[in-house]
Amino acid sequence: MPESKSRRRTARPTNPDGSKAAKPNAVWYKPVMFGLMIIGLLWIITFYITSNTTTQLPIPGIGAWNIVIGFGIAIVGFLMTTRWRS
């Protein structure tokens with residue numbers, strides 16, 4: 001029975017250590033990440049401090065939805081930490 005021809009492997013470019021080199025984040029990434037977490041926290045604190053006054057800040061008309069907005073802003077900052085590379 002005839003032998004089949006062997007497949008030729010193509011040369012793959014590899015890094016010396018065998019892993020993909022991840023580039024560090026842009027300079028603006030870390031300040032934006034921490035800024036979003038702090039802004040979300042300040043949003044919630046501002047709502048709780050002004051909840052017993054006549055004007056509820058930061059957005060007076062939406063009431064307790066200010067908590068959802070504050071947590072949403074903070075969560076975006078925390079989600080950015082999963083992509084943070086030094």
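Residues numbered from 1 in each chain as written. Predicted model: local features only at pLDDT ≥ 70, side-chain atom pairs only at ≥ 80, totals over all residues. Heavy atoms only, no water.

### Quick notes on the packing of helix α1 (residues 29–49) against helix α2 (residues 65–80)
Geometrically, a packed helix pair is captured by the angle between its two axes and the distance between the axes.
Consideration 1: Interhelical geometry of α1 versus α2 gives an angle of 160° and a closest axis separation of 8 Å. Here α1 is positioned roughly antiparallel relative to α2, judged by the angle of their axes. The handedness of the crossing between α1 and α2 comes out as left-handed. Residue-level inspection shows Y29, V32, M33, L36, M37, I39, G40, W43, I44, F47 and Y48 of α1 in contact with α2, the latter providing N66, I67, I69, G70, F71, I73, A74, V76, G77, F78 and M80.
Consideration 2: Within the contact of α1 with α2, the residues separate by chemical class into 18 nonpolar, four polar and no charged. (Axes fitted to C-alpha atoms, helices over the stretch in contact; angles between N-to-C directions. Helix = DSSP H or I, 4+ residues; strand = E, 2+ residues; numbered from the N terminus. Parallel < 35°, antiparallel > 145°, perpendicular 65-115°, else oblique. Left-handed = near helix turned anticlockwise from the far one by under 90°. Contact = heavy atoms within 4.5 Å. Nonpolar A, V, L, I, M, F, W, Y, C, P; charged D, E, K, R; others polar.)

### Examining unusual backbone geometry
Consideration 1: Note the cis peptide between L57 and P58, where omega equals 0°.
Consideration 2: Along the chain, the position of P58 falls in the loop between α1 and α2.

### Re the environment of T46
Consideration 1: Along the chain, the position of T46 falls in helix α1.
Consideration 2: Between the C-alpha atoms of T46 and P58, which are twelve residues apart in sequence, the distance is 6.7 Å.
Consideration 3: Residues within four places of T46 in sequence aside, it is in contact with L57 and P58.
Consideration 4: Separated by 2.7 Å, the side chain of T46 and the backbone oxygen of L42 make a polar contact. (Polar contact = N/O pair within 3.5 Å; in protein donor to acceptor, adjacent residues only side chain to side chain.)

### Some points on the side chain of T50
Consideration 1: You can see T50 is positioned in the loop between α1 and α2.
Consideration 2: A polar side-chain atom of T50 sits 3.0 Å from the main-chain amide nitrogen of L57.
Consideration 3: When neighbours within four sequence positions are excluded, T50 is seen to be in contact with T55, Q56 and L57.

### Points about the packing of aromatic side chains
Consideration 1: This model, assessed by the stated rule, comprises three aromatic pairs.
Consideration 2: Arranged with centres 6.0 Å apart and planes meeting at 85°, the rings of F34 and W84 form a pair that is edge-to-face. Pair noted here: F34 is in helix α1 and W84 is in the segment after α2, with a separation of 50 residues, a long-range link.
Consideration 3: With relative accessibility at 37%, the residue F34 sits in the partly exposed group. (Phe/Tyr/Trp six-rings, centres within 6.5 Å; stacked < 30°, edge-to-face > 60°. Buried < 20%, exposed > 50% of the residue type's maximum accessible area, 1.4 Å probe, protein only.)

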